[in-house]
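Spelled out, the chains give:
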Amino acid sequence: MLRVGVMVSGGGTNLQAILDAMENGTVTNARVEVVISNNPGAYALERARNHGIEAVCLSPKTFDSREAFHEAFLKKVDEYDLDLIVLAGFLVTIPEAMIQKYRNKIINIHPSLIPSFCGVGYYGLKVHEAALKRGVKLTGATVHFVDEGMDSGPIILQKAVEVLPGDTPEILQRRVMEEAEWKILPQAIHMIANKEL
Ligand code: GRF
């Protein structure tokens, strides 16, 4: 049974997709042991509690230094003896020590077809604003391993989504979530849990 930790910062729709997929059998041999957020108001924490999953908030703002937060963050994660860490809309930089200790055990969902519209400054709606500004006809989502760079680790899965006339960043974001993110993130976890990767 793959022990999974999910890191969140916002609404948690990707977390919900993971939990639903585990419940309906789309994802097997994996279990979410803990959900950790930097944001006490993240609805994702509520989603975890509703599923009887430990929901932990670790806010950088409550630590005297970034180093102290990094140390506490890694210590907390280590408590759960995780096989896989899933970044599902997590807006905090992963400490170097955690990347080293959990190399090839941290995956992230990014709302574009990497290498397009990724890296510093490309997160949330900004990604879709850039895609619309560039005028691409296809965008999508990418699941990749996390390394020391930003959105630069080995790509695991991608799924393309059409950009339609009249799309706003919000409409496009929703379509990318529904048609791509909520499918390929659970799929990647299933592949890892069943040694298909
Ligand atoms: C998603 O758009 C995801 O692609 C990005 O952050 C957002 C998270 O949304 N990484 P949610 O918290 O899973 O609803």
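Everything discussed here concerns the structure shown above.
What comes next concerns the included structure. Think of each chain on its own: its residues are numbered from 1, step by step along the sequence as written. Local features are withheld for residues below a pLDDT of 70 in this predicted model, meaning they are given only at 70 or higher, and side-chain atom pairs are given and counted only at 80 or more; totals for whole chains, interfaces and linings count all residues. In computing side-chain properties, one takes all heavy atoms of the structure into account and sets aside hydrogens as well as water.

1. Some details on the side chain of Gln-16
Here comes step 1: Take Gln-16: it is sitting in helix 1 (residues 13-23).
Here comes step 2: Here Arg-47 takes part through its side chain, which lies 3.3 Å from a polar atom of the side chain of Gln-16.
Here comes step 3: Residues are treated as being in contact if the distance between any of their heavy atoms lies within 4.5 Å. Setting aside residues no more than four positions away along its own chain, Gln-16 makes contact with Arg-47 and His-51. Under the DSSP-based scheme used, a helix requires at least four consecutive residues in state H or I and a strand at least two consecutive residues in state E, with every element numbered from the N terminus. Within 3.5 Å is the distance limit for a polar contact, defined as a pair of N or O atoms, with the added protein rule that one can donate a hydrogen and the other accept it, and that residues adjacent in sequence qualify only through two side-chain atoms.

2. Things to note about the packing of helix 5 (residues 125-134) against helix 6 (residues 169-193)
Here comes step 1: Structural elements are reduced to axes, namely lines fitted to C-alpha atoms, with helices fitted over the stretch in contact, and the angle between N-to-C directions of any two is expressed from 0 to 180 degrees. Where helix 5 contacts helix 6, the two axes come as close as 9 Å, and the packing angle between them is 110 degrees. Here helix 6 runs roughly perpendicular to helix 5, going by the angle between their axes. Contacts between helix 5 and helix 6 pair Leu-125, His-128, Glu-129, Ala-131 and Leu-132 from the former with Pro-169, Glu-170, Leu-172, Gln-173 and Val-176 from the latter.
Here comes step 2: Here the nonpolar group is Ala, Val, Leu, Ile, Met, Phe, Trp, Tyr, Cys and Pro; Asp, Glu, Lys and Arg are the charged ones; every other residue, Gly included, is treated as polar. Its residues assigned to classes, the contact of helix 5 with helix 6 comprises 6 nonpolar, 2 polar and 2 charged. With respect to orientation, any angle under 35 degrees is reported as roughly parallel, any angle over 145 as roughly antiparallel, any angle of 65 to 115 as roughly perpendicular, and every other angle as oblique.

3. Observations concerning the environment of Ala-97
Here comes step 1: With respect to the element layout, Ala-97 can be found in helix 4 (residues 96-101).
Here comes step 2: Separated by 21 residues in sequence, Ala-97 and Cys-118 have C-alpha atoms that sit 23 Å apart.

4. A word on the pairing of strand 5 (residues 106-110)
Here comes step 1: Burial status follows relative accessibility: with a 1.4 Å probe on protein chains alone, a residue under 20% of its type maximum counts as buried, one over 50% as exposed, and anything between as partly exposed. With 5 of 5 residues buried, strand 5 is to be regarded as a mostly interior element.
Here comes step 2: Residues Ile-106, Asn-108 and His-110 point to one face of strand 5 and Ile-107 and Ile-109 to the other, with burial holding for every one of them.
Here comes step 3: When the strands point away from the viewer, a crossover counts as right-handed if the route from the first strand across the helix to the second turns clockwise. In this fold, the crossover linking strand 4 (residues 84-87) to strand 5 by way of helix 4 has right-handed handedness.
Here comes step 4: As defined by bridge partners, strand 5 adjoins strand 6 (residues 138-145) across 4 bridges and the pair is classed as antiparallel. Bridge pairing links Ile-109 to Val-143 in strand 6. Only strands joined by at least two bridges in the DSSP assignment are considered to pair.

Keep in mind these numbers describe shape, not what the thing actually does.
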